[in-house]
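Residue-level listing of the chains:
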Amino acid sequence: MSYYSNIILENYQVRKGKKKKTAFIEFVKGECAKHGYDVNVEKGSFGARNIVVGDPERAKVVYTAHYDTCAWLPFPNFITPKNIGIYLLYQIFLTLAMIALAFGGAVLMEQLFTPLVESWLGTESANVGGAIFFWSFDIIFFVILGLIMAGPANKHTANDNTSGVVTLLELMKSMPTEHKNDAAYIFFDFEESGLIGSSSYASKHKDFKKNGLVINFDCVSDGDTILFAINKKASHLKKELEKAYMPNDMFNVEIAYEKVIYPSDQASFVNGVGVASLKKSKRGILYMDRIHTGKDTVFEEKNIAYLVERSIEFTKLVSEK
């Protein structure tokens, strides 16, 4: 394994909570000093801390990845970027499952506590059972939602998003000296909580939000199809991406800006490109599974090596414009 693959997987795979995030931030600062980069930890909404390396305002391209760790879930965050209907159906299914759990729990609470409360009040009333059901449903639903958003950290984050973090670190280390100022890097916080880190950065840097070129690596180590999901208003980037990242003999590369959705930090910027590794079903459906669960352990080094090598080529290409 590479130096960064080994050290991040062994020592910084969980990056959730102030203490662990601070330890990772200090590690990144130390690595930036080794390679001669300036680093700034910029605060955002809800205590987000974005690690900004280099000068994004002057760079020709900014490579990004979120470093925060998701909560552990008993089910995967199943994503089908080019089959939006399946993706939406899965999200609806999860929502209905949450509602069903909250409903069942509320019915149980109503049956258990209504007689006790009526006995304590010395009266029977339909309002008692209704109130118990209403408050129980709300509490259970929001507890489930809270566990999904901010529950105990998933201890296995090889793909989501240790892979993106390692890609940025390897790219920083490998960027040729003559192109060092042409690229900058941002490790975003709180992506798992709703793109809070990247949206905070975009709100503070409005010109960059509109004009900055962002290549965002999120879940790039599990799958042999590399997808570049381009924001619709950035379709002009397609030819340059094709020239830098295609062709190759190792991966199937797909570059798309129509009928594609990838929910990650690039969505906060007009010229945003999301990069992810995906698997393909027998019916040709690109999908991502395992993430947010204990099965997120697949870390293909060749994926990171390919992205680093070709991203250097992309940096050279955009610097010549």
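Being a predicted model, the structure only gives us computed values, none of them experimental.

Procedures and definitions
Residues numbered from 1 in each chain as written. Predicted model: local features only at pLDDT ≥ 70, side-chain atom pairs only at ≥ 80, totals over all residues. Heavy atoms only, no water. Helix = DSSP H or I, 4+ residues; strand = E, 2+ residues; numbered from the N terminus. Buried < 20%, exposed > 50% of the residue type's maximum accessible area, 1.4 Å probe, protein only. Salt bridge = Lys/Arg side-chain N within 4 Å of Asp/Glu carboxyl O. Contact = heavy atoms within 4.5 Å.

I'd like to hear about unusual backbone geometry, residue by residue, with values.
Looking along the chain, the bond that leaves Asp-160 and enters Asn-161 is cis, with omega of -5 degrees. A positive phi is found at Phe-46, a non-glycine position, where the angle reads about 55 degrees. Tracing the sequence through the fold places Phe-46 in the loop between strand S1 (39–43) and strand S2 (49–53). For Phe-46, a relative accessible area of 72% gives the class exposed. Despite not being glycine, Cys-219 shows a phi value in the positive range, around 70 degrees.

How would you sum up the pattern of salt bridges? Please name residues and give values.
The final tally for this structure, using the stated rule, is 13 salt bridges. A salt bridge links Glu-170 to Lys-173; the nearest nitrogen and oxygen atoms lie 3.2 Å apart. Separated by 3 residues within a single helix, Glu-170 and Lys-173 lie in helix H5 (residues 158–174), roughly one turn from each other. We note a salt bridge from Glu-313 to Lys-316, for which the minimum N-O separation is 3.6 Å. Taken as a pair, Glu-313 and Lys-316 lie in helix H9 (residues 301–319) at a separation of 3 residues, close to a single helical turn. Here Glu-313 falls in the partly exposed class, since its relative accessible area comes to 37%. Using a relative accessible area of 26% as the deciding quantity, one classes Lys-316 as partly exposed. Residues joined in a network through salt bridges with shared partners are Asp-222, Lys-279, Asp-289 and Arg-290.

Tell me about helix H6 (residues 196–204), residues and numbers included.
Within H6, burial applies to Ile-196, Gly-197, Ser-198, Ser-200, Tyr-201 and Ala-202. Turning to H6, the residues buried within the fold contact S1, S2, strand S4 (183–188) and helix H7 (206–211).

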